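Take a look at the letters that make up each chain.
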Amino acid sequence: MYLVIAEKPSVSQAMAKVLGADKKEDGYLSGPGCVVSWCLGHLAEYAPPETYDSRYQKWNFADLPILPKDWQLTVKQEKKGQYTVLKKLLNRKDLEYVINACDAGREGELIFRRVYELSGSRLPVKRLWISSMEEEAIRKGFAHLKEGSVYANLWAASVCRAKADWLIGINATRAFTTKYHKRMTVGRVQTPTLAMLVDRQEKIQQFVKETYYRVSLEKDGFCAVSENIKEEAEAVALAEKCRGKSAVISSMETTRKRISPPKLYDLTTLQREANRMFGYTAQETLKELQELYEAKLVTYPRTDSQYLTEDMEQTALEVVELLSEQLPFLADVAIGKDTGRIINNQKVSDHHALLPTKEAFRQEAQKLSGKQKDLFRLIGQRLAQAVSGECIQEETAVTVLCEGHEFRLKGKKMIQPGFRGIESAFRKNVQKKASMDSEQETTFLPDDLREGMELSELSAKVSPHDTAPPKAYTEDTLLAAMEAADSQDFEKETEKKGLGTPATRASMIEKLVASGYAERKGKQILPT
């Protein structure tokens with residue numbers, strides 16, 4: 001007889017179905033040889049300062065820093081009922097061991113271990129570690145359980161992170177609040193993120209616009225442009241000098257550029273793309289992804305990897321074969337099967353990259369919400385791109401000489417669309433104005449251009465331009481900045497860097513907005 005503890009009731013029910021635990025009890029499910037229960041997310045947390053000493057009930061700068069010697073856990077009031085159920089189960093004499101089936105990551109380890117510690121249980125611990133809620137994946141996971149001790153370091157890391165958050169949050173918040181006589185919340189991740197927003201806003205406000213000018217030579221769709229010219233009079237004089245005159249193509253350099261397909265999505269890159277394409281916040285994307293995961297339609301969402309492990313190659317190929325069933329816009333484009341570039345055991349830590357599951361193609365996609373459909377299609381088309389051929393373009397740089405002055409233009413010619421054909425089909429299908437990067441647009445040059453060719457009777461015009469300030473952060477660019485924060489201070493192979501984790505960055509942005517330190521203005525996120 002064994003006990004299984006998952007993170008949420010919905011996940012417990014999926015596991016109980018596989019294990020045959022179909023008898024409903026008070027706070028758990030039971031079946032032949034097993035009991036399945038759940039944690040309702042974080043049941044326990046570190047106790048507030050006043051638990052350690054009553055004098056901490058009053059915020060006093062002289063009492064800081066508060067440094068607990070023996071850390072105490074407390075159960076959230078609204079979750080005490082479920083904790084009582086778990087405590088009884090964890091101390092049952094007829095159970096041989098307990099399986100930690102909370103989400104396979106640092107926070108899942110913390111959720112389980114806190115309840116286990118508080119309960120005083122002495123049951124041996126085994127660990128279920130899966131990346132998909134499909135029945136096949138659940139069965140395989142239970143067939144290959146690991147000893148709980150294997151994840152001791154992950155547990156230690158989660159404790160370290162939780163204590164750091166408590167120490168910095170409690171002490172810095174009380175310090176700033178008592179110093180400035182106004183409640184000011186400070187956090188280990190929250191405050192540096194806010195600092196980035198403020199720093200960017202200061203650069204925008206302090207920016208001094210400068211105007212410069214360009215002269216363009218045009219004829220029959222051909223347009224060559226001068227370098228930036230500071231003085232308007234100089235630009236006007238150049239335009240008058242060249243107007244109606246002839247020019248010669250002094251050089252043409254053509255290079256062939258091979259563009260590799262993108263990697264698969266991890267959580268952060270998907271959140272960024274969903275924000276760019278659909279305007280979804282990082283929190284919205286994570287919420288909908290979690291529901292897709294629990295519905296067995298996508299793999300584990302809180303991942304920081306963009307690769308798969310070798311043992312997943314066949315699964316990936318099977319999913320690729322099924323893609324056009326749920327994503328009809330892929331039916332008429334060539335999808336490759338080069339899984340080699342998405343397989344890398346060394347770059348998968350806790351979880352592999354996001355994928356649609358095989359189960360997804362057996363369910364009715366019509367039941368999904370609009371947001372879930374968008375995210376599912378994003379993940380599916382990204383897999384199709386990642387295993388397809390490279391895009392090959394010819395890029396030509398043309399220099400035109402007119403009245404002793406050089407003008408330039410660049411053009412691109414598609415040789416082989418490769419993965420870009422999938423990207424183009426997806427863009428047309430979703431019909432969203434905010435699409436992929438504008439740099440992907442192709443500029444075509446006339447086919448008859450050649451070096452030494454003379455262009456006669458050119459028109460010339462002057463156009464003013466202004467230097468632009470840095471752009472305000474959007475959710476997309478803020479997530480990227482959080483991920484890359486201080487990365488230059490770490491060695492290249494450092495496993496974790498940046499502010500927060502893929503799982504926590506979204507909630508941190510929401511916390512800044514909810515606390516009034518930041519606000520959304522369209523897609524922009526601005527400090528208040």
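Residues numbered from 1 in each chain as written. Predicted model: local features only at pLDDT ≥ 70, side-chain atom pairs only at ≥ 80, totals over all residues. Heavy atoms only, no water.

K.L.:
I'd like a rundown of the sheet that holds strand β1 (residues 2–6), residues and numbers included.
P.N.:
The sheet built from 7 strands is open, its strands ordered β2-β3-β4-β1-β7-β8-β9 with mixed pairing. The two strands at the open ends of the sheet, each matched to only one other strand, are β2 (23–24) and β9 (146–147). Relative to strand β4 (residues 34–38), β1 runs parallel, the two sharing 5 bridges. Counterpart to Val4 in the pairing with β4 is Val36. Against the sheet, helix α3 (residues 106–119) touches β1, β7 (97–101) and β8 (125–127), its axis set at about 150 degrees to β7. (Pairing = 2+ DSSP bridges. Helix = DSSP H or I, 4+ residues; strand = E, 2+ residues; numbered from the N terminus. Contact = heavy atoms within 4.5 Å. Axes fitted to C-alpha atoms, helices over the stretch in contact; angles between N-to-C directions.)

K.L.:
Which residues make up the nonpolar core, and what are the values?
P.N.:
Of all hydrophobic cores here, the largest spans 66 residues; its most connected members are Val4, Met15, Leu308, Leu378 and Leu383. If you tally residues by element for this core, the top one is helix α11 (residues 370–386), at 7 residues. Ignoring any residue separated from it by four or fewer positions in sequence, one finds Leu308 in contact with Leu264, Ala316, Ile342, Ile343, Asn344, Asn345, Val348, His352, Ala353 and Leu355. Of all hydrophobic cores here, the second largest spans 23 residues; its members include Val215, Phe222, Ala224 and Leu409. (Core = buried A, V, L, I, M, F, W, Y, C linked by side-chain atoms within 4.5 Å. Buried < 20%, exposed > 50% of the residue type's maximum accessible area, 1.4 Å probe, protein only.)

K.L.:
Give me the lowdown on the layout of surface pockets, citing residues and values where you can.
P.N.:
Roughly 880 Å³ of internal volume is contained in the second largest pocket. Considering the residues around the second largest pocket, the lining is formed by 31 residues, among which Ser131, Lys140, Asp311, Met312 and His352 are closest to the centre. The element best represented in the lining of the second largest pocket is helix α4 (residues 135–143), accounting for 4 residues. Per-class residue counts for the lining of the second largest pocket are 11 nonpolar, 12 polar and 8 charged. (1 Å grid on protein atoms, 1.4 Å probe; cavity = no way out; pocket = protein on both sides within 12 Å on 5 of 7 lines; lining within 4 Å. Points joined across faces, edges and corners; volume = space filled by probe spheres on them. Nonpolar A, V, L, I, M, F, W, Y, C, P; charged D, E, K, R; others polar.)

K.L.:
Give me the pairing of β1: which residues, what numbers.
P.N.:
Counting buried residues along β1, 5 of its 5 residues qualify, which places the element largely inside the surrounding structure. Going residue by residue along β1, you find Tyr2, Val4 and Ala6 tucked away on one face and Leu3 and Ile5 tucked away on the opposite face as well.

K.L.:
Describe empty space enclosed by the protein, and please don't skip the residues or the numbers.
P.N.:
Using the criterion set out here, one finds 1 cavity of 30 Å³ or more in the structure. Each pocket or cavity is described by its volume, and for the largest cavity that value is around 60 Å³. Lining the largest cavity are Val11, Met15, Ala101, Cys102, Asp103, Ala104, Leu128, Trp129, Ile130, Met133 and Tyr293. Residues that form the lining of the largest cavity fall into these classes: 10 nonpolar, no polar and 1 charged.

K.L.:
Now, about the pairing of strand β13 (residues 391–402): what can you tell me, with residues and values included?
P.N.:
Where strand β12 (residues 247–259) meets β13, 11 bridges bridge the pair, whose relative direction is antiparallel. The residue of β13 that forms the bridge with Thr254 is Thr396. Across 11 bridges, β13 lies against strand β14 (residues 405–416) in antiparallel orientation. Along β14, the bridge assignment pairs Val398 with Leu409. Between β13 and the antiparallel strand that follows it, β14, lie 2 residues; Glu403 among them carries a positive phi value of about 55 degrees.

K.L.:
Which residues make up unusual backbone geometry, and what values go with them?
P.N.:
A cis amide bond, omega 0 degrees, links Leu64 with the succeeding residue Pro65. By the secondary structure assignment, Pro65 is in the loop between β5 (44–46) and β6 (73–75). Positive phi, normally seen in glycine, also occurs at Leu40, with a value near 60 degrees. Looking at the secondary structure, you find Leu40 in the loop between β4 and β5. The backbone phi angle of His181 is positive, close to 55 degrees, even though this residue is not glycine. Along the chain, His181 turns up in the loop between α5 (152–180) and α6 (190–206). A relative accessible area of 72% means that His181 is categorised as exposed.

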